[in-house]
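# Chain and residue survey
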Amino acid sequence: MQRRILLSAFFSLTSLSFAGLSHAQSPMPLRVLTHASFDLPKDLLAQFEKEAAVTLQIVKAGDAGEMVNKLILTKSAPIADVAFGIDNTLLPRALSAGVVDPYTGPAAQRKAEVAMSGGVVPVDFGYVNLNIDKAWFAKAGLALPASLDDLAKPAYAKLLVVQNPATSSPGQAFLFATIAGLGEEGAFNWWAKARAGGVKVVKGWSEAYYTEFTRNGGTRPIVVSYASSPAAEVFYSKEKITESPTANLFLKGGVFRQVEGVALVKGGNPAAREAAGRFIEFMRSAPVQQALQTSMWMFPVEAGAARVDVMKAHATEPAKFDNATAERMDANAKAWQQRWTQTVLK
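Residues numbered from 1 in each chain as written. Predicted model: local features only at pLDDT ≥ 70, side-chain atom pairs only at ≥ 80, totals over all residues. Heavy atoms only, no water.

## Observations concerning the overall build of the protein
In plain terms, the rule: Counting from the N terminus, the helices are the DSSP runs of H or I reaching at least four residues and the strands are the DSSP runs of E reaching at least two. Three exposure classes are used, based on accessible area relative to the maximum for each residue type with a 1.4 Å probe and protein chains only: buried under 20%, partly exposed in between, and exposed over 50%. Contacts are assigned to residue pairs with any non-hydrogen atoms lying within 4.5 Å of each other. The Shrake-Rupley method, run with a 1.4 Å probe sphere, supplies the accessible areas, and residue values consider only the shown protein chains as cover. Charged-residue counts in this description rest on Lys and Arg as positive and Asp and Glu as negative, His and the chain ends being excluded. One atom stands in for each charge, and that atom is NZ of Lys, CZ of Arg, CG of Asp or CD of Glu.
Looking only at helices and strands, the protein features 16 helices and eleven strands. Reported as C-alpha extents along the three principal axes, the dimensions of the protein are approximately 100 × 45 × 35 Å. Sorting the 346 residues of the protein into buried and exposed places 51% on the buried side. Summarising the internal contacts of the protein: among those between residues at least 6 apart in sequence, 76% fall at separations of at least 24. For the protein, the accessible surface area stands at approximately 16,100 Å², while carbon and sulfur atoms represent 55% of it. Positive and negative charge centroids in the protein, built from 36 and 30 side chains respectively, lie 4 Å apart.

Structure (structure tokens):
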């Protein structure tokens, strides 16, 4: 009888050992939903997987607006445990839909250059504004627009490409900037004039910048992009240029400070919750805060984080920007989008 008990105990312990070995050989998946521009060095991501004992399953869901829409549409059966790329234009939508859980770990407690609400942890920030193709304007002999009023005239509006605010976070940011800078009625009057003048609307940033912008073979030398885009042009240039071929155009009503954050997804896998928290801490770590500057072309939010050289030299920060309050954006975002659609697309 004793031998049988000992054998039973031996087999039980052996089974547990194999189960532990199997678990070690198959790291738990951590589902990360991001926008299409999420990009970090592979070695950093691999190091996180090793230290957190997880396998990252990164799902890119298009533009940030599409990503948040996907979070909302899959709320009853979440497809992610953590989400990166919710920005301050989309945060009210995410919070009102109840798709994120507050995070209160160390990264949420540390001082940051900019803040977010609702337990979403800020990771980076940048400025949505107009970029121009310097060579195109020099060749055309056309002066740059000095105001949004100038930009709505046919001579300039037909040169401008913007993103749809319903599907694009920079598109929505630019819409919000016009409202904050010109007032609601003034902004929609401006949009009506821009439409009549010939402004082009596309779905997202990639299409605007890489298809429609003249720098990349398109026909529009003015594009809604980022203050860091001129730095990216220098960084990626094959000719190793020292001056950017593009420049920022900071017009009143045309500059928005965008803040991106990372959040726990409500209803995500409970077994992955600790790993999701570790991913949030990872996004605020010094190596990531440095790397994102030349991979996602945003400024780091971690207090005291150093700027890389190309950003210091070519990513000019505007002296002013036009942001509505979070409460105003929360209360009016849907109505503004609908009015914009009626004004510009219908």
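## Comments concerning the side chain of Ser-295
To keep things clear, this is the line we draw: N or O atoms closer than or at 3.5 Å make up a polar contact, with two conditions inside protein: a donor-capable atom paired with an acceptor-capable one, and, for residues adjacent in sequence, both atoms drawn from side chains.
Counting through the fold element by element, Ser-295 comes out in the loop between helix H14 (286–291) and strand E11 (299–300). Residue classification places Ser-295 among the buried residues on the basis of a relative accessible area of 13%. A distance of 2.6 Å separates a polar atom in the side chain of Ser-295 from the backbone oxygen of Asp-39. A distance of 3.0 Å separates the side chain of Ser-295 from the backbone oxygen of Ala-291, its partner in a polar contact.

## Description of the layout of surface pockets
Formally: Grid spacing is 1 Å over the protein atoms alone, the probe is 1.4 Å, and a cavity is where that probe fits but cannot get out, while a pocket is an open set with protein on both sides within 12 Å along at least five of seven lines and lining residues have an atom within 4 Å of a point. Grid points are joined across faces, edges and corners, and a volume is the space filled by probe spheres set on the points. Residues are sorted three ways: Asp, Glu, Lys and Arg are charged, Ala, Val, Leu, Ile, Met, Phe, Trp, Tyr, Cys and Pro are nonpolar, and all the rest, Gly among them, are polar.
In this model, the largest pocket occupies a volume close to 680 Å³. Ser-37, Trp-205, Ser-206, Tyr-210 and Tyr-226 are the residues nearest the centre of the largest pocket, which is lined by 32 residues in total. At the level of secondary structure, the elements contributing two or more residues to the lining of the largest pocket comprise helix H3 (64–73), helix H9 (169–182), helix H11 (205–212), strand E8 (222–226), helix H12 (229–236) and strand E10 (256–265). Per element, the largest residue contribution to the lining of the largest pocket is five residues, and it comes from H11. Tallied by class, residues from the lining of the largest pocket come to twelve nonpolar, twelve polar and eight charged. Looking at the second largest pocket, its volume works out to about 260 Å³. Every residue lining the second largest pocket is counted, 15 residues in all, and those nearest its centre are Arg-93, Ala-333, Lys-334, Ala-335 and Gln-337. Looking at the lining of the second largest pocket, the elements with two or more residues in it are helix H4 (91–97) and helix H16 (326–345). Among the elements that line the lining of the second largest pocket, the one with the most residues is H16, at nine residues. Taken together, the residues of the lining of the second largest pocket sort by class into six nonpolar, six polar and three charged.

## Observations concerning the pattern of salt bridges
Opposite charge on two side chains makes pairing possible when the charged atoms of those side chains draw close. Stated formally: Salt bridges are defined as contacts in which a side-chain nitrogen from Lys or Arg sits within 4 Å of a carboxyl oxygen from Asp or Glu.
For the structure shown, the criterion picks out 14 salt bridges. With a shortest N-O distance of 3.2 Å, Glu-212 and Lys-200 are connected by a salt bridge. Within this pair, whereas Glu-212 is found in helix H11, its partner Lys-200 is found in strand E7 (residues 200–202), the two being separated by twelve residues in sequence. Residue Glu-317 is joined to Arg-307 by a salt bridge in which the shortest nitrogen-to-oxygen separation is 3.0 Å.

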